[in-house]
Amino acid sequence: MKNIPYRYYLPEEKMPKAWYNLRSAMPEKPDPLINPGTGQPVTADDLRPVFCDELIAQELDNDTPEFEIPKPILDMYRIYRPSPIVRAYRLEEALQTPAHIYYKFEGNNTSGSHKLNSALAQAYYAKAQGMKALTTETGAGQWGTALAEACAAFGLELTVYMVKGSYNQKPYRKDVIRTFGASVIASPSDTTQAGRAILEKDPNTTGSLGCAISEAVEKAVTTPDCRYVLGSVLNQVLLHQSVIGLESYEAMLAFDEYPDIIVGCAGGGSNLGGLIAPFMRDTLTGRREGTRYVAVEPASCPSLTRGQYAYDFCDTGKITPMAKMYTLGSGFIPSANHAGGLRYHGMSPLLSKLYHDGRMEAVSYEQTQVFDAAVQFARLETILPAPESAHAIRAAMDEAVRCRESGEAKTILFGLTGTGYFDMAAYASYLDKTMGDYVPRNDEILAR
Ligand SMILES: *Cc1c(COP(=O)(O)O)cnc(C)c1O
């Protein structure tokens, strides 16, 4: 083997002390959230019943480049960060590619994904503002797990509305969440008006993310000292996830490399937005040219590749502000794809804007192609990836094969966002060859 390190751990003193706000480098900013009641951009006052003050300030600030990470959050980050960045030599060899492939692995913490980076920040600010409790929704369960850990760390009560389908399918997921002290309610439930209304119409429904959001928001605004938090899509979440990109940037310097291609899976856009942040700064400010950015999404929920760039609601119940984003329509119900974390009808307004301006590319893959890559990667690199993360693996492998064909030794960096140990039903259906691919028709996508 070559005499270069496999992995690089940043020394603790080089860990980022501030998050980086990519909006500050954008010549044109993402379009603002709109209050559907007034038709005007949302104000801090509009958001105050739902979000904490400091998070509102982060959400609305397009100009401040850096936000200092408060010490209690840094102390929690130090338990599991810096996360490793690994050169995938064995994958390179198997693909016979001259490309250098690196991945930044966010699945080493006990929540199993990058979502803990923002969960800790959001829980900390809620506690600092004197809140007693938080509510949220969870689909696949990664976000609910991460937030339950964060609330346990900072001493907050948490109610998680978990989409009934996954509540029943992934029983251990809810037990992990309960172990960290949160309560889990299968949504739709009879604990909220929104839930009761839906149950009345369809008592046997398996629920949806949109419905769980409606329940969680209702619970937050009707409970004293309680706020609602969201695990992706919002500017504040991308800001917190910049810690992934900042660490990667330092590590690539240590490897004496700079990525030519950066690849990440995109559900609501938070891990990818965080991973690219400092590199995209270089691109936008002209410090560096020629870097490509690739978002990877499931063919069953193709918001960037087949959606419209338009103002739309962030939830199915239409109680949230409207965001300008690539969207499949807030009424879009994705098929039962196994990459639960990528089943969102929209995309972060920040990434949507970069994509619209031609700064990013997007590709989509069908689920069996993604699991082909996941299994190959697991056998070579000894990490069992989350199905979401495997979308990035698939695209990175395809880029590496193109390098083999063109003979170019490009440097590829991809985000490996989580582990797949709670997704064994998905792996089982792939291995048993019962996994199907579903690609929505145009009329399903445009239905709003
Ligand atoms: C939630 C999740 C994603 C997708 O969310 P983004 O906000 O797009 O990053 C990707 N990978 C894993 C493991 C997740 O849990």
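Up top is the structure these notes are about.
Keep in mind the model is a prediction, meaning the values are calculated, not measured.

Thresholds, definitions, all that
Residues numbered from 1 in each chain as written. Predicted model: local features only at pLDDT ≥ 70, side-chain atom pairs only at ≥ 80, totals over all residues. Heavy atoms only, no water. Helix = DSSP H or I, 4+ residues; strand = E, 2+ residues; numbered from the N terminus. Rg over C-alpha atoms; globule rule 2.2 N^0.38 Å. Buried < 20%, exposed > 50% of the residue type's maximum accessible area, 1.4 Å probe, protein only. Contact = heavy atoms within 4.5 Å. Areas by Shrake-Rupley, 256 points an atom, 1.4 Å probe, with all protein chains shown as cover. Lys, Arg positive; Asp, Glu negative; His and termini not counted. Charge placed at Lys NZ, Arg CZ, Asp CG, Glu CD. Pairing = 2+ DSSP bridges. Axes fitted to C-alpha atoms, helices over the stretch in contact; angles between N-to-C directions. Salt bridge = Lys/Arg side-chain N within 4 Å of Asp/Glu carboxyl O.

Asker: For the overall build of the protein chain, give the residues involved together with the corresponding values.
Answerer: Counting secondary structure elements, the protein chain contains 18 helices and 17 strands. Computed over C-alpha atoms, the radius of gyration of the protein chain comes to 20 Å, within 12% of the 22 Å expected from 2.2 N^0.38 for 448 residues, which places it in the range of a compact globule. Along the three orthogonal principal directions, the C-alpha set of the protein chain runs to about 60 × 50 × 40 Å. Sorting the 448 residues of the protein chain into buried and exposed places 61% on the buried side. Excluding contacts between residues fewer than 6 apart, the proportion of contacts in the protein chain whose partners are at least 24 apart in sequence is 75%. Total accessible area on the protein chain is roughly 17400 Å²; 50% of this is exposed by carbon and sulfur atoms. Of note, the protein chain has its 43 positive side-chain charges centred 2 Å away from the centre of its 52 negative side-chain charges.

Asker: Would you mind going over the sheet that holds strand E10 (residues 183–187) in detail, with residue names and values included?
Answerer: Read across the open sheet, the four strands follow the order E10-E9-E8-E11; overall the sheet is parallel. Two strands lie at the open edges of the sheet, namely E10 and strand E11 (226–228), each paired on one side alone. When the angles between neighbouring strand axes are averaged without regard to direction, this sheet yields 25 degrees. Across five bridges, strand E9 (residues 157–163) lies against E10 in parallel orientation. Among the inter-strand pairings, Val163 is bridged to a residue of E10, identified as Ser187. Those strands touched by helix H10 (residues 209–221) are strand E8 (133–138), E9, E10 and E11, and its axis lies near 170 degrees from that of E8.

Asker: Got a sec to walk through the pattern of salt bridges? Specific residues and values, please.
Answerer: As enumerated under the stated definition, the model contains 24 salt bridges in all. The closest approach of N and O atoms between Lys14 and Glu250, which form a salt bridge, is 3.8 Å. Taken together, the residues span a long stretch of sequence, with Lys14 in the loop between strand E1 (7–8) and strand E2 (18–20) and Glu250 in helix H11 (residues 235–254) at a distance of 236 residues. Exposure remark for Lys14: the relative accessible area of 42% places this residue in the partly exposed category.

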